[in-house]
Amino acid sequence: MNIRNNINKFKQILPPHCQLIAVSKTQSVEKIREAYEAGQRAFGENKVQELMSKYAELPTDIQWHLIGHLQTNKVKYIAPFIHLIHSVDSFKLLVEINKQGARNARRISCLLQVHISQEETKFGFTPEEVLQLVATPDIYQLENIAIAGLMGMASFTEDKAQVRKEFRGLKNLFDQLVSMSLPSLQEMKILSMGMSGDFETAIEEGSTMVRIGSALFGERKM
Ligand SMILES: *Cc1c(COP(=O)(O)O)cnc(C)c1O
């Protein structure tokens, strides 16, 4: 795997409105450095502990994205520096992120994770829950978070039509939320969808942020 070539390839494929998040979970600091030297600055990790140790070792101008499930008791560790949390899946978590944002005198950008796949194990709100959440008055009091958009993962399947349908549903929800022009949604602009196996479809369906791991770094060793 030539990481530099892969980064450059993605820079050419992605439309200008779509940002590349290099998913570096399980990858070594050396490999991340290689991507960094190729100009990549946005990296995604799914575990807080791993994120913290890489954060400590790597350049400070990296934008760190949390893409995996986040437990409320771990928010405090990442709150000082995290660039974007893709995986907000409960109101309780949003409240805790807000609290830690206030402690660090910053507003933390969050995406609401929406369950769009047919698989049962994945975290996230249903579209109905998202519509309810953004309309609850409680959310207006959270001044130290910004709801910057939505994140979703499509089913892990060869059925391209199914994947497309799921991405399209997420884009429709996104557009619906934007059109509601609620105070809690003034900053909605990110639609995080697409991974190594399905990013082309995600882009066709309106993705503004793709999360790419194995296509950049090679297969992960577990
Ligand atoms: C691991 C992971 C990715 C990247 O997966 P690849 O198939 O390696 O590109 C993207 N998003 C999330 C939430 C992940 O956990």
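Residues numbered from 1 in each chain as written. Predicted model: local features only at pLDDT ≥ 70, side-chain atom pairs only at ≥ 80, totals over all residues. Heavy atoms only, no water.

Student: Would you take a moment to explain the pattern of salt bridges for this structure?
Tutor: If the charged atoms of two oppositely charged side chains come close together, the side chains can form a pair. The final tally for this structure, using the stated rule, is nine salt bridges. Residues R41 and D61 are paired through a salt bridge, measuring 3.2 Å at the closest nitrogen-oxygen approach. In this pair, R41 sits in the loop between α2 (29–37) and β2 (42–45) while D61 sits in the loop between α3 (48–57) and β3 (63–66), placing the two residues 20 residues apart along the sequence. According to the relative accessible area criterion, R41 is partly exposed, its value standing at 27%. Note that R164 is salt-bridged to E204, the shortest N-O span being 2.6 Å. (Salt bridge = Lys/Arg side-chain N within 4 Å of Asp/Glu carboxyl O. Helix = DSSP H or I, 4+ residues; strand = E, 2+ residues; numbered from the N terminus. Buried < 20%, exposed > 50% of the residue type's maximum accessible area, 1.4 Å probe, protein only.)

Student: What's the story with the site of the ligand in this structure? I'm lost.
Tutor: Around the ligand, the structure places V23, K25, I67, M153, M195, S196, R211, I212, G213, S214 and R220. S214 has a polar backbone atom sitting 2.8 Å from an oxygen atom of the ligand. One nitrogen or oxygen atom from the side chain of R220 is found 2.8 Å from an oxygen atom belonging to the ligand. Relative to its unbound accessible surface of 390 Å², the ligand loses 90% to contact with the protein. (Near = heavy atom within 4 Å. Polar contact = N/O pair within 3.5 Å; in protein donor to acceptor, adjacent residues only side chain to side chain. Areas by Shrake-Rupley, 256 points an atom, 1.4 Å probe, with all protein chains shown as cover.)

Student: Where do I start with the packing of aromatic side chains in this structure?
Tutor: The relation between two aromatic rings is expressed through the spacing of the ring centres and the mutual angle of the planes. If you walk through the whole model with that rule in mind, you get three aromatic pairs. Geometrically, the ring pair formed by F10 and F199 is tilted, given 4.9 Å between the ring centres and 55° between the ring planes. Of this pair, F10 sits in helix α1 (residues 3–13) while F199 sits in helix α8 (residues 199–204), and the two are 189 residues apart along the sequence. Residue F199 is classed as buried on the basis of its relative accessible area of 7%. (Phe/Tyr/Trp six-rings, centres within 6.5 Å; stacked < 30°, edge-to-face > 60°.)

Student: How should I be thinking about the packing of helix α6 (residues 127–135) against helix α7 (residues 160–179) in this particular structure?
Tutor: Between two packed helices, what matters for the description is the angle formed by their axes and the separation of those axes. At a closest axis distance of 11 Å, the pairing of α6 and α7 adopts a crossing angle of 15°. What the angle tells us is that α6 and α7 run roughly parallel. Two packed elements cross with a definite hand, and for α6 against α7 that hand is right-handed. Across from P127, V130, L131 and V134 in α6, the residues of α7 making contact are L173, Q176 and L177. Partitioning the contact of α6 with α7 into residue classes produces six nonpolar, one polar and no charged. (Axes fitted to C-alpha atoms, helices over the stretch in contact; angles between N-to-C directions. Parallel < 35°, antiparallel > 145°, perpendicular 65-115°, else oblique. Left-handed = near helix turned anticlockwise from the far one by under 90°. Contact = heavy atoms within 4.5 Å. Nonpolar A, V, L, I, M, F, W, Y, C, P; charged D, E, K, R; others polar.)

Student: Please explain the side chain of H65 as it appears in this structure.
Tutor: With respect to the helices, strands and loops of the structure, H65 is situated in strand β3. For H65, a relative accessible area of 0% corresponds to the buried category. Within polar-contact distance, the side chain of H65 engages the side chain of H86 at 2.8 Å. Leaving out residues up to four positions away in the same chain, H65 has contacts with I21, A42, F43, G44, E45, I82, H83, L84, H86 and M209.

Student: What should I look at first to understand the pairing of strand β1 (residues 19–23) in this one?
Tutor: Where a strand is regular, its side chains alternate between the two sheet faces. Within β1, four of the five residues are buried, leaving the element largely enclosed by the surrounding structure. Two strands pair when backbone bridges link them, and β1 and strand β8 (residues 209–212) are joined in this way by four bridges, in the parallel orientation. Within β8, the residue paired with L20 across the bridge is V210. Summarising the sheet, β1 and β2 pair through two bridges and their orientation is parallel. By the bridge assignment for β2, V23 is matched with G44. Read from β1 through α2 to β2, the crossover connection turns out right-handed. (Pairing = 2+ DSSP bridges. Right-handed = clockwise from strand over helix to strand, strands pointing away.)

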